[in-house]
There are 2 protein chains.
Amino acid sequence: MKKSGALLVCCSLLLPAADIESQYRDVSKKIIEAALADQEGLDRLQYLCDRIGHRLSGSESLEKAIQWSAAEMKKAGLTNVQTPPVKVPHWVRGNEYATMLAPTVKKLPMLGLGMSVGTPPEGITADVVTVASFDELAALGKEKVQGKIVLFDPVWEGYGQTVIYRATGASRAAELGAVGVLVRSMTGRSLATPHTGGLNYIAGVAKIPAAAITVEDAALIHRLAKGGVPVKVKLMMEAKTLPDADSHNVMGEIRGSEKPEEVVVLGGHIDSWDIGQGANDDGSGVIAAFQAVALLQKLGLKPKRTIRVVFWVNEENGGAGGRAYRAMLGDAAKNHVAAIEMDGGAEKPLGFGYGTGGAQRRRTTANAPATPVKATSAASFQRAVDIGKLLSGIGGGQMTPGGGGADIAPLLAAGVPGFGVQTGGGHYNDWHHTDSDTFDKIVPSEFRANVASLAVLSFVLADMPERIGDIE
Amino acid sequence: MKKSGALLVCCSLLLPAADIESQYRDVSKKIIEAALADQEGLDRLQYLCDRIGHRLSGSESLEKAIQWSAAEMKKAGLTNVQTPPVKVPHWVRGNEYATMLAPTVKKLPMLGLGMSVGTPPEGITADVVTVASFDELAALGKEKVQGKIVLFDPVWEGYGQTVIYRATGASRAAELGAVGVLVRSMTGRSLATPHTGGLNYIAGVAKIPAAAITVEDAALIHRLAKGGVPVKVKLMMEAKTLPDADSHNVMGEIRGSEKPEEVVVLGGHIDSWDIGQGANDDGSGVIAAFQAVALLQKLGLKPKRTIRVVFWVNEENGGAGGRAYRAMLGDAAKNHVAAIEMDGGAEKPLGFGYGTGGAQRRRTTANAPATPVKATSAASFQRAVDIGKLLSGIGGGQMTPGGGGADIAPLLAAGVPGFGVQTGGGHYNDWHHTDSDTFDKIVPSEFRANVASLAVLSFVLADMPERIGDIE
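All residue numbers refer to positions counted from 1 along the written sequence of the respective chain. As they are written, the chains are lettered A onward and the ligands numbered 1 onward, keeping that order. Only residues with pLDDT of 70 or above have their local features reported here, since the model is predicted, and side-chain atom pairs are shown and tallied only from 80 upward, although totals for entire chains, interfaces and linings are computed over all residues. Heavy atoms from the whole structure form the basis of all side-chain values; hydrogens and water molecules are not counted.

1. Describing the relation of the copies chain B and chain A
Logical step 1: Rotating chain B by 180° about the axis while translating it 0.0 Å along that axis superimposes it on chain A, leaving an RMSD of 0.0 Å. Read as a symmetry element, the transformation amounts to a two-fold axis. When C-alpha positions in chain B are compared against the rotation axis, the closest is assigned to leucine 191 of chain B, at 3.0 Å.
Logical step 2: The overlap is high: 100% of the interface residues of chain B also sit at the interface in chain A, so the same surface is used on both sides. The fit set for superposing copies consists of C-alpha atoms from residues with pLDDT of at least 70 in both; the fit itself is least squares. Whether two residues are in contact is decided by their heavy atoms: any pair within 4.5 Å suffices.

Structure below.
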């Protein structure tokens with residue numbers, strides 16, 4: 001029931017706040033203490049990183065990670081542990097290299113973009129035209145682009161703003177007859193480190209191979225181009241897409257004591273790109289979510305609703321896991337009380353983006369569609385704020401409009417309220433999709449704080465009287 | 001004459017300060033204005049980086065850089081432009097790679113250490129023992145080191161403190177029968193970036209091959225070792241040292257109007273490692289020094305003493321250029337009024353380390369011997385401070401005890417007062433000796449400020465009545 005009038009709104013906002021705080025203060029303290037002292041979660045993340053490593057959809061190591069994850073969930077005493085099957089795209093990189101042939105010979109460290117087609121076996125050798133924007137590309141026109149390799153070297157304006165050149169540059173260049181694409185790595189900080197990531201071919205446009213080169217080499221070629229110095233590059237990529245592979249989501253839960261059919265789901269994605277260790281993207285997300293639930297279990301807490309952890313598969317190059325989970329639920333999606341995703345690394349947690357609705361929805365990752373759903377009520381948002389206050393001691397409870405993530409986007413589209421973990425994130429983008437996304441980047445105290453905030457949020461959402469999305 | 005008594009010391013310090021400031025304020029302003037507006041220096045540095053590139057001793061590109069430098073000095077109107085011959089070590093890297101074979105197969109991005117011997121053509125395959133210190137190595141003893149590859153993964157305590165493991169780790173491990181050495185890259189910040197650098201074999205100890213791996217991979221192997229997981233690595237390096245090569249220092253000057261035989265020399269090193277572009281190490285040093293002199297020439301300034309810019313060769317793996325310059329001078333070294341070196345990158349200049357003497361001398365680079373020479377008088381140091389005040393507008397005039405650099409160390413050992421450029425240096429060590437030491441790291445305003453401070457300091461030292469080292 002929608003309330004109106006200043007006084008009523010005031011009370012509807014303030015009274016539950018006091019209730020939630022007083023009701024869950026002690027248990028939150030207990031959960032936070034356990035999380036901040038926990039070593040098991042870090043050990044699990046280290047195992048995933050060091051002993052299994054990166055895990056691209058279709059790879060053996062992904063399946064190893066999935067089986068290990070299910071076994072760990074069982075070890076932790078979770079129930080209903082399952083690995084429901086998901087068909088995933090199976091892209092393989094193969095050998096690849098890029099070499100500048102003129103004006104001097106220089107190896108260009110690179111990573112082919114995920115889902116790119118390969119080159120012919122002998123590679124592609126072509127002159128390079130460099131542009132900073134799609135406008136500059138259009139201004140060149142077919143005459144100057146035909147038969148060339150196009151380098152996109154846009155000014156870095158942040159991941160969300162700049163990733164469009166990685167995502168669609170290949171097709172945009174192909175429309176003008178380009179034979180290959182290079183793109184500056186999607187980062188603002190580089191130590192000669194190439195960043196991979198997915199591309200999306202536009203239907204009906206010729207598929208041409210595309211790779212990311214380092215910020216340094218993109219800048220070099222751009223400077224040479226501005227100086228009128230012709231640049232020639234050889235690009236060789238064996239990349240190809242095989243038939244879809246068999247894979248799995250992973251899930252386990254604490255069954256609700258009163259309303260087991262109602263579910264708070266939390267998780268991240270178990271797949272990663274085929275480089276580094278996928279430590280922050282998204283090993284830390286899945287393991288923090290899992291460890292949050294494992295700690296609730298260890299503490300013997302019995303939430304009224306079910307808390308389920310899910311490791312979605314194939315976030316990086318398809319999103320099949322998130323869609324399959326949604327499809328698996330069918331009508332039961334309406335019983336999902338909230339969906340929480342952590343997919344931005346395990347730096348110091350600031351809080352959560354929360355929302356269900358319309359204008360408040362925003363993309364939290366490059367792959368997440370910005371699906372409009374029903375608007376979040378002010379009272380529902382205020383409740384999220386009040387829950388966040390339970391996390392004030394560790395600084396992880398700030399609620400901002402937003403929410404979501406690529407894996408839970410299908411749930412949000414079905415009307416499930418979404419929370420997306422937000423962190424300080426000062427360095428996440430330096431590492432992600434690179435060989436440097438490794439366990440040494442995980443700061444134990446920050447990882448533990450993320451576990452704490454996920455555990456408190458999911459427990460309160462699962463235990464409090466109202467479904468958060470229904471508070472009006 | 002050494003003065004005594006508080007009043008006299010006071011006056012001897014204060015009066016010249018006022019003199020120096022009033023005498024050189026206007027010309028300093030003019031020099032600084034010209035430097036801050038200058039584009040030519042940046043264009044020269046860009047050419048050196050982009051069109052010539054890295055330039056290891058013995059390489060064709062180094063000789064190209066040397067010839068280009070001499071031609072640019074002539075173009076700038078410098079006199080006595082020379083390229084005196086210097087024999088330099090000729091180490092070549094060849095192909096190289098390292099692969100972890102157990103517990104999983106993983107490529108280890110690496111760079112062989114400069115002057116390392118190579119492996120047999122089939123490489124070396126051995127179990128790895130990991131240590132954090134020489135004490136840990138000694139504790140293992142011959143039994144556990146014999147036949148192994150030793151990984152040094154010390155805690156990063158800064159370049160000066162930690163580089164000892166790169167410099168002497170190979171010989172220390174060889175003493176215990178190790179067959180190869182890996183060392184964590186010498187940096188506190190890594191994005192999966194290997195850093196090369198020179199090693200020094202200890203005489204009489206077997207020479208074994210040594211390479212730097214990334215901070216990430218060193219940490220991984222260290223974690224595995226701590227967990228009792230055996231690690232096996234294959235190391236292949238074609239590195240070898242050829243007969244010494246013919247190379248050159250480069251020098252040019254503005255001849256002094258009154259005491260041309262007295263010389264203020266400034267410069268850096270023209271060689272670099274064989275990766276990246278040597279932009280900050282030390283392209284920016286040589287070009288900033290050159291441009292400082294070029295601007296004085298362009299402004300038509302006529303210092304009383306000669307100002308000479310020198311691009312010393314072979315700083316990175318031998319120091320032959322600095323020694324050859326000293327030898328070339330013979331007795332004329334006593335006419336060198338001051339030596340200024342810039343070899344710490346072109347980040348925002350803070351000031352200079354200044355000193356000639358004893359306890360005040362310190363290493364400013366890993367390769368610089370800490371040679372004790374005659375003590376700097378308080379009055380001489382105060383004069384440096386007073387000259388520094390002319391740079392207060394650009395923040396580059398702070399004088400601290402110290403001074404020097406690897407290339408001017410032989411001059412300082414001969415009693416020449418030394419100045420070493422000191423910069424903010426927040427990121428120099430992230431880049432140096434890596435593929436990321438490239439022109440994009442040069443911030444134009446900061447480079448120009450370095451040119452300004454070198455130009456003012458060298459002009460005043462060359463023009464003021466006293467030789468700075470003689471002020472007592």
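2. With respect to helix 6 (residues 164-174) of chain B
Logical step 1: Each residue's exposure class comes from its accessible area (1.4 Å probe, protein chains only) as a fraction of the maximum for that residue type: buried when under 20%, exposed when over 50%, partly exposed otherwise. Strands here mean DSSP runs of E at least two residues long; helices mean DSSP runs of H or I at least four residues long; both are numbered from the N terminus. Summarising burial for helix 6 of chain B: nine of the 11 residues are buried, a large majority.
Logical step 2: Residues of helix 6 of chain B that are buried include every one of Tyr165, Arg166, Ala167, Thr168, Gly169, Ala170, Ser171, Ala173 and Ala174 of chain B, and no others.

3. Section: the domain arrangement of chain A
It is common to report an interface's size as the accessible area lost on association of the parts.
Residues and elements named next belong to chain A.
Logical step 1: Throughout, the edges of the domains are those of an automatic or database domain assignment. Under the domain assignment used here, chain A contains domain 1 (6-91 + 244-470) and domain 2 (94-238).
Logical step 2: For domain 1 versus domain 2, the distance between C-alpha centres works out to 35 Å.
Logical step 3: Contacts between the two partners involve 13 residues from domain 1, matched on the other side by 19 residues from domain 2.
Logical step 4: As a working definition, buried area equals the accessible area (1.4 Å probe) given up by two parts on being put together, with both sides summed. Counting the surface lost from both domain 1 and domain 2, the interface buries some 1,300 Å², and carbon and sulfur atoms represent 62% of this.

4. Brief notes about the sheet that holds strand 16 (residues 349-355) of chain A
Residues and elements named next belong to chain A.
Logical step 1: What the eight strands build is an open sheet, ordered 1-12-14-13-15-18-16-17; its pairing is mixed. Pairing within the sheet leaves two strands with one partner each, and these edge strands are strand 1 (79-82) and strand 17 (398-401). Neighbour-to-neighbour, the strand axes of the sheet open up by a mean angle of 20°, direction not taken into account.
Logical step 2: Only when DSSP finds a minimum of two bridges between them are two strands counted as paired. Examined bridge by bridge, strand 1 and strand 12 (residues 250-254) share two bridges and lie antiparallel to one another. Paired with glutamine 82 across the strands is methionine 251, a residue of strand 12.
Logical step 3: Sitting on the sheet, helix 3 (residues 60-75) is in contact with strand 1, strand 12 and strand 14 (305-312), with an inclination near 10° to strand 12.
Logical step 4: This element, helix 8 (residues 279-298), spans strand 12, strand 13 (259-269) and strand 14 of the sheet and lies at about 150° to strand 13. Angles here are taken between N-to-C directions and fall from 0 to 180 degrees, while the axes themselves are lines fitted to C-alpha atoms, restricted in helices to the stretch in contact.

5. A look at the pairing of strand 16 of chain A
All names here are of chain A.
Logical step 1: The element strand 16 is largely enclosed, with a buried count of six among its seven residues.
Logical step 2: Here four bridges tie strand 16 to strand 17, and the two strands are oriented parallel to one another. Across the sheet, residue glycine 353 finds its bridge partner in strand 17, namely threonine 400.

6. A look at the packing of helix 4 (residues 134-145) of chain B against helix 6 of chain B
Residue and element names in this part refer to chain B.
Logical step 1: Two numbers describe how helix 4 lies on helix 6: the axes approach to 12 Å, and their chain directions differ by 25°. Relative to helix 6, helix 4 is oriented roughly parallel. Judged by the sense of rotation from one axis to the other, the crossing of helix 4 with helix 6 is right-handed. Counting all contacts with helix 4, which are made through Phe134, Leu137 and Val145, the residues of helix 6 involved are Ile164, Tyr165, Thr168, Gly169, Arg172 and Ala173.
Logical step 2: Residue classes in the contact of helix 4 with helix 6 are distributed as six nonpolar, two polar and one charged. Any angle that is under 35 degrees is reported as roughly parallel, and any over 145 degrees as roughly antiparallel; angles of 65 to 115 degrees are reported as roughly perpendicular and all others as oblique. By convention, the crossing between two helices is left-handed when the near helix turns anticlockwise from the far helix through less than a right angle, and right-handed when the turn is clockwise. By the convention adopted, Pro, Cys, Tyr, Trp, Phe, Met, Ile, Leu, Val and Ala count as nonpolar, Lys, Arg, Asp and Glu as charged, and the other residues, Gly among them, as polar.

7. Quick word on the environment of glycine 53 of chain A
Residue and element names in this part refer to chain A.
Logical step 1: Tracing the sequence through the fold places glycine 53 in the loop between helix 2 (40-52) and helix 3.
Logical step 2: Residue classification places glycine 53 among the buried residues on the basis of a relative accessible area of 10%.
Logical step 3: Taking C-alpha positions, glycine 53 is 28 Å from leucine 350, a pair spaced 297 residues apart along the chain.
Logical step 4: Ignoring anything within four residues of it in the chain, the contact list for glycine 53 reads Leu48 and Gln277.

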